[in-house]
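# Coordinates in review
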Amino acid sequence: QVQLVESGGGLVQPGGSLRLSCAASGSIFSRSLVAWYRQSPGKTRDLVASITGGGNTNYVDSVKGRFTISRDNAKNTVYLQMNSLKLEDTAVYFCYTRLEYWPYDAAWGQGTQVTVSS
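Along every chain, residues carry numbers that run from 1 in the direction the sequence is written. Totals for whole chains, interfaces and linings use all residues, but because this is a predicted model, local features are given only for residues with pLDDT of at least 70 and pairs of side-chain atoms are given and counted only at 80 or more. By convention in this description, side-chain values take in all heavy atoms of the structure and omit both hydrogens and water.

## Describing the pairing of strand 1 (residues 3-7)
Whether a residue is buried, partly exposed or exposed follows from its accessible area with a 1.4 Å probe, protein chains only, as a fraction of its type maximum: under 20%, in between, or over 50%, in that order. Secondary structure elements follow DSSP: runs of H or I no shorter than four residues count as helices, runs of E no shorter than two count as strands, and numbering proceeds from the N terminus. Residues Leu4 and Glu6 point to one face of strand 1 and are all buried, whereas Gln3, Val5 and Ser7, pointing to the other face, are not buried. Strand pairing is assigned whenever DSSP identifies at least 2 bridges connecting the two strands. Summarising the sheet, strand 1 and strand 3 (residues 18-25) pair through five bridges and their orientation is antiparallel. Looking at the pairing, leucine 4 lines up with alanine 24 of strand 3.

Rendered as structure tokens:
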């Protein structure tokens, strides 16, 4: 069973940077899609960025040019480098993974809080 552990959240001023990490265990990580989602109070959980096992990336328009998703398969870890943070980036950030082949096992992490405030 896949297990994910996120880390790296915290409090940062507008314009600052944070790097989130998502460490996976119990899966064939190199052949898994991994994505970061975020959720603010009273709002839906929305996709922020994703990366395939082959390294193809995708970003929501609001973070393009500011966030970078990357992976280190040797460490079973995916990163989200967040630069030029804005107040509206404040949310709980969740890591999600899904195998890219049957049985498409999927899992969510527990989330890490990112707060952007002056």
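Here the narrative resumes, following the displayed structure.
## Focus: the packing of aromatic side chains
Geometry of aromatic contacts follows a simple scheme: Phe, Tyr and Trp rings, the Trp one being its six-membered ring, pair when their centres are within 6.5 Å, and the pair is stacked under 30 degrees between planes, edge-to-face over 60, tilted otherwise. A complete count under the given rule lists four aromatic pairs for this structure. With 6.5 Å between their ring centres and 85 degrees between their planes, phenylalanine 94 and tryptophan 108 make a pair best called edge-to-face. In this pair, phenylalanine 94 sits in strand 9 (residues 91-99) while tryptophan 108 sits in strand 10 (residues 106-108), placing the two residues 14 residues apart along the sequence. With a relative accessible area of 39%, tryptophan 108 lands in the partly exposed category. By way of ring pairs, the aromatic residues Tyr37, Phe94, Tyr96 and Trp108 are connected into one cluster.

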